[in-house]
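Architecture at a glance
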Amino acid sequence: MPREQELLEAARLGNIAVIEKLLAPKAKRSPVSLQALASLRRGTSPNCQDNTGYTPLHHAALNGHREVVALLLNYGASANLADSKGSYPLHLAAWTGNADIVRSLILHGPSHAKVNERNKDSETPLHFAAQYGHTAVVKVLLEHHADPTMRNKREEAPLDLACLYGRLDTVELLLRKHPTLLDRPGGQSTPLHLASRNGHKPVVQVLLEAGIDVNKTTENGSALHEAALCGKVDIVRLLLDCGVDPLIQDKSGQTVLELLAGIPKASEITKLIKEVPSNNNDPPSKPGLHHMNKLCLPIGSLDSAREPVTDSSPEHVQSPYDNVPQPLPSPYHNPGDDDEEDHDIPAPRQRTLSSSDEENLYDEPPLEAYRGREDKRTCTMNHR
């Protein structure tokens, strides 16, 4: 096996002895003579790359080998070499939720990792950490000036991904550190829309407590449109309690009730909306604040009353796929994509309903109402 391939494999497996054997002699050679310099050039480089662009540091970061990461950095491994998909070692460490490795990459080595570097999908390490609910990693990244306003190619910010996948702790941290994240231009899907359509009630509650405009409208209408069309009864009830206007129209000019008219299994949601007092349909003096109840108090006022949610801190997460409704393509290169190399990544887990996720009312998506909402990012449906 070539020495560089041996180094890459040792980094992947966490074999410190082999790494020392391959790199230590190089470090001890005298840099004075031309012969020694030529020998250095021919030696095993800590920055060698396989045919996916992975360096030894990529492999070590991805597989959680903290000691190997530190060793490679000591031997001059660069934290700022991208793989063929544009991901850096910091992306992979953030994706797997290893806060110690994230911190090492940022603080140590000859080239400190750049926290706001984007991959080819314009995703930063903060996107990865927020999507998978690695709150400890999010905290480290924010402490080192990660920008939470940066958007990927889908125009999603880290807060959007945290809301989309119901990462309650991450959402609360992002809002505490950057409350202005809720201020965004019109026309885009808001965090409230994303959490509502996927039935993440604790997240919806936190967003409402933080003062998000419950009547914010996109081309798909309000968050009430999203929750109702995805059969999220508890979310519909919560939005109505916090004063959402049921007369808001989507881009086609239809209200929620008009969209639900042809869906027999939507009768419970239809009834809830029709029971809203008629004076609740009048424009409120302050959006989202009429018909206010205890559910719309400041953040932290109802911590003890919230539904229990799964702890998604790194020490409780078995793999980057834990608790993800439908895992998105990960930053690593799947075996068989463009090489025969196996990166030892656990297979995606099948998601089961948690106590905070409400079952949908409908066996099948109401096709007319959804108008192209087949993407899993737009609505999670349970087919029984």
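Everything below is about the structure shown above.
Residues numbered from 1 in each chain as written. Predicted model: local features only at pLDDT ≥ 70, side-chain atom pairs only at ≥ 80, totals over all residues. Heavy atoms only, no water.

**Thoughts on unusual backbone geometry**
- The phi angle at His145 is positive, at roughly 70 degrees, despite the residue not being glycine.
- Mapped onto the secondary structure, His145 falls in the loop between helix 9 (135-143) and helix 10 (158-164).
- Here the phi dihedral of Glu155 falls at roughly 65 degrees; this positive angle occurs in a residue that is not glycine.
- Positionally, Glu155 belongs in the loop between helix 9 and helix 10.
- Accessibility expressed as a relative area gives 44% for Glu155, which makes it partly exposed. (Helix = DSSP H or I, 4+ residues; strand = E, 2+ residues; numbered from the N terminus. Buried < 20%, exposed > 50% of the residue type's maximum accessible area, 1.4 Å probe, protein only.)

**Considering the packing of helix 15 (residues 233-241) against helix 17 (residues 267-274)**
- With their axes 10 Å apart at the nearest point, helix 15 and helix 17 run at an angle of 5 degrees to one another. By the angle between their directions, the pair helix 15 and helix 17 is classed as roughly parallel. Here Val233, Val236, Arg237 and Leu240 of helix 15 come into contact with helix 17, specifically with Glu268, Ile269, Leu272 and Ile273.
- The residue inventory of the contact of helix 15 with helix 17, partitioned by class, reads six nonpolar, no polar and two charged. (Axes fitted to C-alpha atoms, helices over the stretch in contact; angles between N-to-C directions. Parallel < 35°, antiparallel > 145°, perpendicular 65-115°, else oblique. Contact = heavy atoms within 4.5 Å. Nonpolar A, V, L, I, M, F, W, Y, C, P; charged D, E, K, R; others polar.)

**Description of the environment of Leu224**
- Checked against the element boundaries, Leu224 lands in helix 14 (residues 223-229).
- For Leu224, a relative accessible area of 0% translates into the label buried.
- Between the alpha carbons of Leu224 and Ile273 there is a distance of 9.6 Å; along the sequence they are 49 residues apart.
- Residues in contact with Leu224, not counting those within four places in the same chain, are Val236, Leu239, Leu240, Val244, Pro246, Val256 and Ile273.

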